[in-house]
Number of protein chains: 2
Amino acid sequence: MLEVALLGTGGMMPLPNRWLTSLLARYNGSSILIDCGEGTQVALRETGWSPKPIDVMCFTHFHADHISGLPGMLLTMGNAERTEPVTLIGPKGLVRVVTALRNIAPELPFEIKMIEIEGNAQTFSFDGYRIEAFRVNHNVTCYGYNIVVDRNAKFDPQRAKAQNIPLELWNPLQKGNTVTLDGVTYTPDMVLGEARKGLKVTYCTDSRPTESIVENATNADLFICEGMYGEPDKIEKAKEHKHMTFYEAANMAKKAGARELWLTHYSPSTNRPEEFKKQVRAIFENTVISRDGQTVDLMFED
Amino acid sequence: MLEVALLGTGGMMPLPNRWLTSLLARYNGSSILIDCGEGTQVALRETGWSPKPIDVMCFTHFHADHISGLPGMLLTMGNAERTEPVTLIGPKGLVRVVTALRNIAPELPFEIKMIEIEGNAQTFSFDGYRIEAFRVNHNVTCYGYNIVVDRNAKFDPQRAKAQNIPLELWNPLQKGNTVTLDGVTYTPDMVLGEARKGLKVTYCTDSRPTESIVENATNADLFICEGMYGEPDKIEKAKEHKHMTFYEAANMAKKAGARELWLTHYSPSTNRPEEFKKQVRAIFENTVISRDGQTVDLMFED
């Protein structure tokens, strides 16, 4: 199960009752945070989830509304007695920005590892999941992220039997080990059935729509995408500031064949984003006009 | 009139329903902010007061809970179309810390002036008020602040008459000008009656109790002081972390002859600070267990 909480839905500045956009995902005891603006630690506390197991923090870019909460979050994780290292991933400049912000959080009881993303796309593997960063199109270098949990193919005893694989090897092969017995090498794929669908969450903010976002969100179980403006006539403003409208996000979700779209990163000028629900659902039915603290538990099929 | 709003009452980290401790004072169209932690811009917005007229920001010290909201506040002031310079005052290191934090707020439509406080005490004069910084006793260099509005003595026509001051000079002298007429120099004090009480707000956090705090809070109209712990048995913890209990703050307010004490900067472990109201008022009757957004309008007497 991959648990997802959209901690906030605002863009630009935190507002009373609207935290800045940030995602927390939990998988198998490990938490992943994407973006950490001013107040994200409070938003997290409101969900009741702990900051302590955050093993990885990804940053889309370094505008203040996406990273200004980092020093406070790190200190709060320290106060929660975390001692394991934390990995930070972000665009080039990450080391400079984080080092600068740590002027006010110099002493932490855990190590900070930093990875600056190279090129247009890069994949990072962790225990049980991977994070795929992909370049988007904002007015500064900015990345979207996929959180992907692969699912092992099911053990297929018929195939194992058909290949005369010794019974005592079924279990180690099923667990992913390659085994050599009496000079013959057996590999895990020999006992596995068809590949099974895993889980994918695609997260994208701040950007104009791009083909790469659509590709990355293809068949996503959940596509979380910025919608800075709900008013259709704000398209020019969206272009100017390198953001997108609700409708542009919905069109991408449709092209990508995503299961569900969560809109977020609303402009402070958009007081009631749910006003535009009908229009945006006319483009992509499974659109959620997200609210702060929106959660879902994504499960493997069957 | 000096308007005062205590934007938050928390220490260490912002919590749901408890912003970090920060003070906004307004006088004659100018706003003064003391400390700006994570979320202070939201707390300010909740009061309905604008961030735009903040001419001066004072920082007690550079622990994150007192300054982490600075980049966001500056950006929001810029979005509010402020163009006038903003003066920042704080301990030595201010330039380094602010420059570092501005990595995520590099472009602002106004100039930032920075003043690092020299020595144990320093006074800064602004249009109509002054700010007095005084060293307190924390585990890093930390200052308390007085915001002082002086009140001119009243014009005394009896005195002017008794000294045969020509009638045409009464008005310029009353306005504070020194005038020479027919070789005789007349000074404003010649036409003024007894000095009149002005207004003083004393703000102190984070610190152990000190004599200097008592001196600075002497006869303050409002003494805003940290009370990290309400539980009397946390005195040792207070000493260790260089904070104070509610009772230590109340004792200082009593010694200083302050009119009113507002406690603030509660530990996250103190869920219900008002539980200790009775005990602390036994020491100093005019104690307020402050809440976020507590406001008062301080008026000149009569």
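Residues numbered from 1 in each chain as written. Chains lettered and ligands numbered in written order. Predicted model: local features only at pLDDT ≥ 70, side-chain atom pairs only at ≥ 80, totals over all residues. Heavy atoms only, no water.

**Q** Could you give me a rundown of the sheet that holds strand β1 (residues 2–8) of chain A, with the residues and numbers involved?
**A** All names here are of chain A. Taken together, seven strands build an open sheet; the order of strands is β6-β5-β4-β3-β2-β1-β16 and the sheet is mixed. Only two strands of the sheet have a single partner each, and these edge strands are β6 (112–116) and β16 (294–298). Taking the axes of each pair of neighbouring strands and ignoring which way they run, one obtains an average angle of 15° across the sheet. Pairing between strand β3 (residues 30–34) and strand β4 (residues 54–58): four bridges, direction parallel. By the bridge assignment for β4, Ile34 is matched with Cys58. Here helix α1 (residues 40–47) sits on the sheet and contacts β1, β2 (22–27), β3 and β4; the angle it forms with β1, its principal contact strand, is near 130°. Across the sheet, helix α3 (residues 70–79) is in contact with β3, β4, β5 (86–90) and β6; its angle to β4 comes to roughly 175°. (Pairing = 2+ DSSP bridges. Helix = DSSP H or I, 4+ residues; strand = E, 2+ residues; numbered from the N terminus. Axes fitted to C-alpha atoms, helices over the stretch in contact; angles between N-to-C directions. Contact = heavy atoms within 4.5 Å.)

**Q** Please give an account of the packing of helix α1 (residues 40–47) of chain B against helix α3 (residues 70–79) of chain B that cites residues and values.
**A** Residue and element names in this part refer to chain B. Where α1 meets α3, the closest approach of the two axes is 8 Å, and the angle between their N-to-C directions is 45°. It follows from the interaxial angle that α1 and α3 lie oblique. Between α1 and α3, the contacting residues are Thr40, Gln41 and Leu44 on the first element and Gly72, Met73 and Thr76 on the second. Of the residues contributing to the contact of α1 with α3, the split by class is two nonpolar, four polar and no charged. (Parallel < 35°, antiparallel > 145°, perpendicular 65-115°, else oblique. Nonpolar A, V, L, I, M, F, W, Y, C, P; charged D, E, K, R; others polar.)

**Q** Please provide a residue-by-residue account of unusual backbone geometry, values included.
**A** Residue and element names in this part refer to chain A. In this structure, Asp206 follows Thr205 across a cis peptide bond, with omega equal to 0°. Along the chain, the position of Asp206 falls in the loop between β12 (196–204) and α7 (211–216). One non-glycine residue, Asn219, lies in the positive phi region at around 60°. By the element assignment, Asn219 lies in the loop between α7 and β13 (222–226).

**Q** Explain the interface of chain B and chain A to me, and be specific about the residues and the numbers.
**A** Contact with chain B, which involves 29 residues of that partner, is made by 29 residues of chain A. Of the roughly 2,400 Å² buried between chain B and chain A on both sides combined, carbon and sulfur atoms contribute 66%. Across the chain B-chain A interface, the total number found is zero salt bridges. Remark: the boundary between chain B and chain A carries six residue pairs in polar contact (both at pLDDT 80 or more). Contributing elements (two or more residues each) for the side of chain B that touches chain A: α1, α2 (64–67), α3 and α4 (94–101) of chain B. (Buried area = accessible area lost by both parts, 1.4 Å probe. Salt bridge = Lys/Arg side-chain N within 4 Å of Asp/Glu carboxyl O. Polar contact = N/O pair within 3.5 Å; in protein donor to acceptor, adjacent residues only side chain to side chain.)

**Q** Break down the side chain of Glu231(B) for me, with residues and values.
**A** Inspection of the secondary structure puts Glu231(B) in the loop between β13 (222–226) and α8 (235–240). Excluding its chain neighbours within four sequence positions, the residues that come into contact with Glu231(B) are Tyr247(B), Thr270(B) and Phe276(B).

**Q** If you had to explain the packing of aromatic side chains to someone new, which residues and values would you point to?
**A** The full count for this structure, using the stated rule, is 13 aromatic pairs over all chains. Ring centres of Phe246(A) and Tyr266(A) lie 5.7 Å apart, and the angle between their planes is 50°; on these two criteria the pair is classed as tilted. Here Phe246(A) is found in helix α9 (residues 246–256), whereas its partner Tyr266(A) is found in the loop between β14 (261–264) and α10 (277–283), with 20 residues between them in sequence. Of the residues examined, Phe246(A) reaches a relative accessible area of 0% and is grouped as buried. Ring centres of Tyr27(B) and Tyr129(B) lie 6.5 Å apart, and the angle between their planes is 85°; on these two criteria the pair is classed as edge-to-face. Pair noted here: Tyr27(B) is in strand β2 (residues 22–27) and Tyr129(B) is in strand β8 (residues 129–135), with a separation of 102 residues, a long-range link. The two residues Tyr27(B) and Tyr129(B) agree in class, both being buried. (Phe/Tyr/Trp six-rings, centres within 6.5 Å; stacked < 30°, edge-to-face > 60°. Buried < 20%, exposed > 50% of the residue type's maximum accessible area, 1.4 Å probe, protein only.)

**Q** I'd like a rundown of the environment of Phe110(B), residues and numbers included.
**A** All names here are of chain B. Note that Phe110 resides in the loop between α4 and β6 (112–116). Note on Phe110: relative accessible area 6%, which makes it buried. Apart from residues no more than four positions distant in its own chain, Phe110 is found in contact with Leu74, Met77, Gly78, Arg82, Thr83, Glu84 and Val86.

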